[in-house]
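Each chain, letter by letter, is given below.
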Amino acid sequence: MTKTIVIKGGTIVNRASEQALDLKIENGLVAQVGKNLKGDVQLDASGCIVASGFVDLHAHLREPGQEEAETIETGSRAGALGGYTALVAMPNTDPPQDSVAVIDFVREQGKRAGLVDVVPSGCITLGRQGESLAPMAELSAAGVSLFTDDGSGVQDASLMRRALEYAKGLGVTLAQHCEVAELTKGAVMNECQCCTNLGLPGWPAIAEELMVFRDIELVRITGAAMHFLHLSTKRSVELVRAAKRDGLPVTAEVTPHHLSLTEELLASFDPVFKVNPPLRSMHDIAALKAGLIDGTIDAIATDHAPHPRRDKEMSLDMAPPGMLGLETALGVVLAEGACEVRDVVALMSWNPAKIARIDDRHGLDLVAGAVANICVFDPEIKWTIDPERMVSKSINTPYVGRNLQGRVRHTIFNGATTVVDGQAQR
Ligand code: DOR
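Let us look at the structure shown here. (Residues numbered from 1 in each chain as written. Predicted model: local features only at pLDDT ≥ 70, side-chain atom pairs only at ≥ 80, totals over all residues. Heavy atoms only, no water.)

**Some remarks on the site of the ligand**
Step number 1: Lining the immediate environment of the ligand, one finds 14 residues, of which Arg62, Asn92, Asn276, His307 and Pro321 sit closest.
Step number 2: Within the contact set of the ligand, an oxygen atom lies 3.3 Å away from a backbone nitrogen or oxygen of glycine 322.
Step number 3: Considered on its own, the ligand offers 290 Å² of accessible surface; in the complex 95% of this is hidden by protein.
Step number 4: Within the shell around the ligand, the residues separate by chemical class into 3 nonpolar, 8 polar and 3 charged. (Near = heavy atom within 4 Å. Polar contact = N/O pair within 3.5 Å; in protein donor to acceptor, adjacent residues only side chain to side chain. Areas by Shrake-Rupley, 256 points an atom, 1.4 Å probe, with all protein chains shown as cover. Nonpolar A, V, L, I, M, F, W, Y, C, P; charged D, E, K, R; others polar.)

**Topic: the packing of helix 11 (residues 329-336) against helix 12 (residues 341-355)**
Step number 1: Where helix 11 meets helix 12, the closest approach of the two axes is 11 Å, and the angle between their N-to-C directions is 140°. The angle between helix 11 and helix 12 falls in the class oblique. Relative to helix 12, helix 11 is oriented so that their crossing is right-handed. Contacts between helix 11 and helix 12 pair Ala329, Leu330, Val333 and Leu334 from the former with Val341, Val344 and Met348 from the latter. (Axes fitted to C-alpha atoms, helices over the stretch in contact; angles between N-to-C directions. Helix = DSSP H or I, 4+ residues; strand = E, 2+ residues; numbered from the N terminus. Parallel < 35°, antiparallel > 145°, perpendicular 65-115°, else oblique. Left-handed = near helix turned anticlockwise from the far one by under 90°. Contact = heavy atoms within 4.5 Å.)

**Some words on the side chain of threonine 74**
Step number 1: Mapping threonine 74 onto the fold places it in helix 1 (residues 72-81).
Step number 2: Here the side chain of threonine 74 touches glutamate 70 through a polar contact of 2.6 Å, side chain to side chain.
Step number 3: Filtering out sequence-adjacent residues up to four positions away, threonine 74 remains in contact with Val391 and Lys393.

**Quick look at the sheet that holds strand 3 (residues 17-20)**
Step number 1: Read from one edge to the other, the open sheet built from 7 strands follows the order 3-2-7-18-19-20-21, with strand pairing classed as mixed. Unpaired on one side and paired on the other, strand 3 and strand 21 (423-424) mark the two borders of the sheet.
Step number 2: Running at roughly 140° to strand 19 (residues 404-413), helix 11 makes contact with strand 18 (374-383) and strand 19 of the sheet. (Pairing = 2+ DSSP bridges.)

**A closer look at the sheet that holds strand 8 (residues 54-59)**
Strand pairing in a sheet is mediated by backbone hydrogen bonds. Such pairs are either parallel or antiparallel.
Step number 1: The strand order across the open sheet built from 3 strands is 8-9-10, with neighbouring strands paired in parallel fashion. Edge positions in the open sheet fall to strand 8 and strand 10 (117-120), since each of these has one partner strand only. Direction aside, the axes of adjacent strands within the sheet are offset by 20° on average.
Step number 2: In the packing of helix 2 (residues 100-113) onto the sheet, the strands contacted are strand 9 (84-89) and strand 10, and the crossing angle to strand 10 comes to about 170°.

Here's what the structure looks like:
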């Protein structure tokens, strides 16, 4: 007999209710929701929200090939500490996730770590080279339902159109990294007055918006489902809003860093602030937040992008873009006051679970019979990060010294505790 776990004294947030009740877990499932429940293990949830575990649509776990930066195990542990029970693994590994062999490897490493569901995405094009399509049908038969070349966008419109036609037939979703490469050569930060003053090459908003526009029009003629990764500009939000108004099957995400950090930080020349797409302006942040509130943006996704210290210690032009996100996402989002707590659960669990097509076991209402993938977090607690105690293999977080609000107390994956009282269990 497995031990029963009772989460006591929290507020259970479901789609249609918010109830101050205990929750009992048995054999991997929610067994009961009620008052004064008892179990073999008790987890205190006083002052906490009890919700379905978070689902990250956008995590770079770096394995295979870049294990110096992160492994599937260390990334999974960082995810569990951040309240995640599922991570979509981005395909820019080495080798890239464009074959069933690599997909199976990533999935198996995820199972071996056993801390979250690791859901591999597949490449749209072979080797993410943008020249010919990856074996999408084979990958789809192997269980892949989200395809992306993230790290770069698919530049060739005709290839993208063909990928969408296949996607439509296979019933899978394509996720685009929107960046017209000709417009961003050598860019290190947002194209703005500040970048001109600093003499740094700029990454213009139009490089993102042109591809958002193109892909919306390709969705219009193909009818395939499309997800827009890490949107960062006001106009991108407007384009997606109009596409949704037209009834097109598009979804979109923003990252915690694009909601909280601005382009001026690059004046420090510190590569920790270099990210792709780049940090933008306060105007863009306001538009992204408005998009969260009116439902234009469906999900908050981390773009967790670990890099080895020596790479991030290079000069701004040489250093790779990207920053950590899994352990700080909730704290950043609530500190920003971008939305209500229940919206956070929708944006970080319910909606992304649906986009990743794993809503049979994630993003569920916590009622008897549901798979017990659960996050318990205190939405009020204020904290700052201690880089020494972070579990990611890399340290490239821009949030050192910043005030965060809201912290994960316990995480339960498939009915077993992965985090208790803020401590990883394994
Ligand atoms: O900043 C980023 N880093 N953006 C991406 O799209 C890729 C990612 C990475 O893999 O480091």
